[in-house]
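Chain and residue survey
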Amino acid sequence: MGSYNIAVIPGDGIGPEVINGTCDVLEAVADKFGHTFRFEELLAGGSAIDTVGEPLPAATLSACRRSDAVLLGAVGGPKWDDLPGNQRPEQALLGLRAGLGLYANLRPAVLHRQLSEACPLKDKFVTDGIDIMIVRELTGGIYFGDRGRRAGGSFPDGSPKGQEAYDTEAYSEAEIERIVRVGFDLAMGRRKKVVCVDKANILESSRLWREVVGRISTEFTEVSVEYLYVDNASMQLVRHPGSFDVMITSNMFGDILSDEAGMITGSIGMLPSASLGAPGKPGMYEPVHGTAPDIAGMDKANPLAAILSAAMMLRWSFHLAKEADAIENAVAKVLSDGYRTVDIAYADNFTILGTKEMTAKVIEAIA
Ligand code: NAD
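The structure presented is a predicted model; accordingly, all values stated were derived computationally and were not measured.

Observations regarding the overall build of the protein
Within the protein, the regular secondary structure consists of 11 helices and 14 strands. The C-alpha radius of gyration computed for the protein amounts to 21 Å, which stays within 12% of the reference 21 Å derived for 367 residues, consistent with globular compactness. When its C-alpha atoms are laid out on the principal axes, the protein stretches across 70 × 50 × 45 Å. Looking at the protein residue by residue over its 367 residues, the buried ones come to 51%.

A look at the sheet that holds strand β8 (residues 193-198)
Strands sit in the order β2-β1-β3-β12-β11-β4-β5-β10-β8-β9 across an open sheet of 10 strands; the sheet is mixed. At either margin of the open sheet sits one strand with a lone partner, and together these are β2 (36-41) and β9 (224-229). The sheet shows a mean angle of 25° between the axes of neighbouring strands, taken without regard to direction. Helix-sheet contacts for helix α9 (residues 304-316) involve β1 (3-11), β2, β3 (69-74), β4 (104-110), β5 (131-137), β11 (272-276) and β12 (283-287), and the interaxial angle to β12 is about 160°.

Observations concerning the pattern of salt bridges
Under the defined criterion, the tally for this structure stands at 24 salt bridges. Between R181 and E177 there is a salt bridge, with the nearest N and O atoms lying 3.1 Å from each other. Residue R181 and its partner E177 are both found in helix α5 (residues 173-188); the two are separated by four residues, about one turn of the helix. In this structure R181 comes out as partly exposed when scored by relative accessible area, which is 26%. Look at E177 and you get partly exposed, because its relative accessible area is 21%. Between D231 and K199 there is a salt bridge, with the nearest N and O atoms lying 2.9 Å from each other. Of the two residues, D231 sits in helix α7 (residues 230-239) while K199 sits in the loop between β8 and α6 (204-217), which places them 32 residues apart along the sequence. For K199, a relative accessible area of 16% translates into the label buried.

Here we look at a nonpolar patch on the surface
Taken together, the side chains of L94, Y143 and F144 make up a nonpolar region of the molecular surface, amounting to roughly 260 Å² of accessible area. Tracing the sequence through the fold places L94 in helix α4 (residues 91-99).

Structural notes on the side chain of R340
With respect to the helices and strands, the residue R340 is situated in strand β13 (residues 339-340). From its side chain, R340 meets the backbone oxygen of L335 in a polar contact 2.8 Å long.

Things to note about the site of the ligand
Not every one of the 20 residues close to the ligand is listed here, only the nearest: V75, E90, G290, A292 and N302. One nitrogen or oxygen atom from the main chain of G77 is found 3.0 Å from an oxygen atom belonging to the ligand. Within the backbone of T291, one N or O atom sits 3.0 Å away from an oxygen atom of the ligand. For the ligand, the accessible surface in isolation is 810 Å², of which the surrounding protein chains cover 68%. Residues belonging to the shell around the ligand are distributed by class as follows: nine nonpolar, seven polar and four charged.

Focus on the packing of aromatic side chains
Inspection of the entire model under this criterion finds five aromatic pairs. Ring plane angle 20° and centroid distance 4.3 Å describe the contact between Y4 and F318, whose orientation is recorded as stacked. Of this pair, Y4 sits in strand β1 while F318 sits in the loop between α9 and α10 (321-336), and the two are 314 residues apart along the sequence. The two residues Y4 and F318 agree in class, both being buried. When the ring of Y171 is compared with that of W209, the centres are 5.3 Å apart and the planes differ by 90°; the resulting orientation is edge-to-face. Residue Y171 is located in the loop between β7 (163-167) and α5, and its partner W209 is located in helix α6; the two are separated by 38 residues in the primary sequence. You can call W209 buried: its relative accessible area is 3%. Through successive ring pairs, a cluster of aromatic residues spans Y4, F37 and F318. One residue, R150, lies across the ring of Y166, its end atom 4.0 Å from the ring centre.

Side note on the side chain of T22
Its location among the elements puts T22 in helix α1 (residues 15-33). Looking at T22, the relative accessible area reads 0%, which means it is buried. Setting aside residues no more than four positions away along its own chain, T22 makes contact with L71, P303, A306, I307 and A310.

Describing the environment of T60
Residue position: T60 is located in helix α3 (residues 58-66). Note: C-alpha distance between T60 and S243 (183 residues apart in sequence) is 41 Å. Sequence-distant contacts of T60, that is, excluding residues within four places in its chain, are made with I9, L42, L43 and A44. A polar side-chain atom of T60 sits 2.6 Å from the main-chain carbonyl oxygen of L43.

Scoring rules and cut-offs
- Every chain begins its residue count from 1, and numbering advances along the sequence as written.
- Owing to the predicted nature of the model, reporting of local features is limited to residues with pLDDT of at least 70; listing and counting of side-chain atom pairs is limited to 80 or more, with chain, interface and lining totals taken over all residues.
- With hydrogens and water excluded, all non-hydrogen atoms of the structure serve as input to the side-chain values.
- A helix here means a DSSP run of H or I that spans at least four residues, while a strand means a run of E at least two residues long, and both kinds are numbered starting from the N terminus.
- Here the globule rule is a power law, 2.2 Å times the number of residues to the power 0.38, and the radius of gyration is based on C-alpha atoms.
- With a 1.4 Å probe rolled over the protein chains alone, any residue whose accessible area is under 20% of its type maximum counts as buried; one over 50% counts as exposed, and the rest are partly exposed.
- At least two DSSP bridges between two strands are required for those strands to pair.
- A fitted line through C-alpha atoms serves as each axis, taken over the contacting stretch for helices, and the angle formed by two N-to-C directions is quoted from 0 to 180°.
- Residue contacts are defined here by distance: any two heavy atoms, one from each residue, within 4.5 Å place the two residues in contact.
- Just to be clear on terms, a salt bridge is a Lys or Arg side-chain nitrogen sitting within 4 Å of an Asp or Glu carboxyl oxygen.
- Like-charged residues within 9 Å of one another, or nonpolar side chains (Val, Leu, Ile, Met, Phe, Trp, Tyr) within 5 Å, are grouped into patches, provided each residue has over 30% relative accessible area and no salt bridge.
- Only the protein chains shown count as cover for residues, with accessible areas throughout obtained via the Shrake-Rupley method and a probe of 1.4 Å.
- We call two N or O atoms a polar contact when they sit within 3.5 Å, provided that within protein one can donate a hydrogen and the other can accept it, with sequence-adjacent residues counted only if both atoms are side-chain atoms.
- For each residue, the test is whether any non-hydrogen atom lies within 4 Å of the molecule or strand; if one does, the residue is near.
- Three classes are used: nonpolar for Ala, Val, Leu, Ile, Met, Phe, Trp, Tyr, Cys and Pro, charged for Asp, Glu, Lys and Arg, and polar for all others, with Gly counted as polar.
- Stacked, tilted and edge-to-face pairs are distinguished by plane angle, under 30 degrees for stacked and over 60 for edge-to-face with tilted covering the rest, among Phe, Tyr and Trp rings (Trp via its six-membered ring) whose centres lie within 6.5 Å.
- We call a charge positioned over a ring when the NZ of a Lys or the CZ of an Arg lies within 6 Å of the ring centre and within 35 degrees of the ring normal.

Shape descriptors only; they carry no functional weight alone.
Right under this line is the structure:
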């Protein structure tokens, strides 16, 4: 019987609606399996700006560092859109990722059997189902590289180019190796297939990725490895998504491909994520969606992405596989029983529930 400290950041918009219910789901798991989850609620994002004047208070970051794992809703909204870049709510996310050293972003894209009608692809393209784990590098590459503006020189005919803006993709061997290891370790517990996505025909940084993947792969002889250029990978994702198991890629390519993979599985309201750092350090778990200002406060938000993020927390941070299965099976049962939030109600014969009722159904299915 374990005891775990969870830092809870509800955030803004629908964040508190989906996270409060997720904590209730975790309580149900604790009751069933005899664990103790201690929740510490913390401020970040717009609500932190309104309360203490900054998006990521130092007290929040230090409480997260002390915790066993962080559960986050979402941050941001129109109220704070006019603030300068470095004072905006989204700074809280970057600060948490950097402050907790979260270099590996895990985004599963699973087409739930019960939601097959939500997939925008024709049936013949998804005959094998979809179960992809996208492993995206989160703290390096072009989003963190050297950037700026400078004088742009001239074209061959002498006409001036005006100012020029640049961003830089740079990866070290150590940065690549640690994320590649996460991908191979995950593949060992899955279908043992890794696809490394890059642009090695053009980018030197991608060629270094391939060298590192090749070296690490020799330690995982059971895992098959394939290399795809990112343009081809984005085509294959819609042509034959069932062929992918674990996809390992850089920060920017992962950002784009994980949204594409997520969309082919249906609603954004179903997509969980995990961000992990060094072993033994707290990971952060959050739904992929944002604060959905258009439905905030209306009890319409789908809580399942947040609830499935909590299942990932149990599995990856606390190594409680049975308990994680209990949440995932409960979600599957509720969907099989025909319950839907508005965003995933693709036909008329479903019972439409609000956020609170949907959460209650999941809790009922766990008990
Ligand atoms: P969004 O994900 O908030 O919403 C996109 C659309 O999906 C909306 O129509 C919304 O109603 C719907 N949606 C999202 N989550 C849903 C759910 N759980 N159930 C049902 N429908 C859902 O993206 P956006 O509109 O681009 O961004 C809104 C705000 O959220 C912005 O301020 C943005 O910066 C912020 N944001 C935060 C995060 C984060 O905290 N990780 C991520 C993305 C966006």
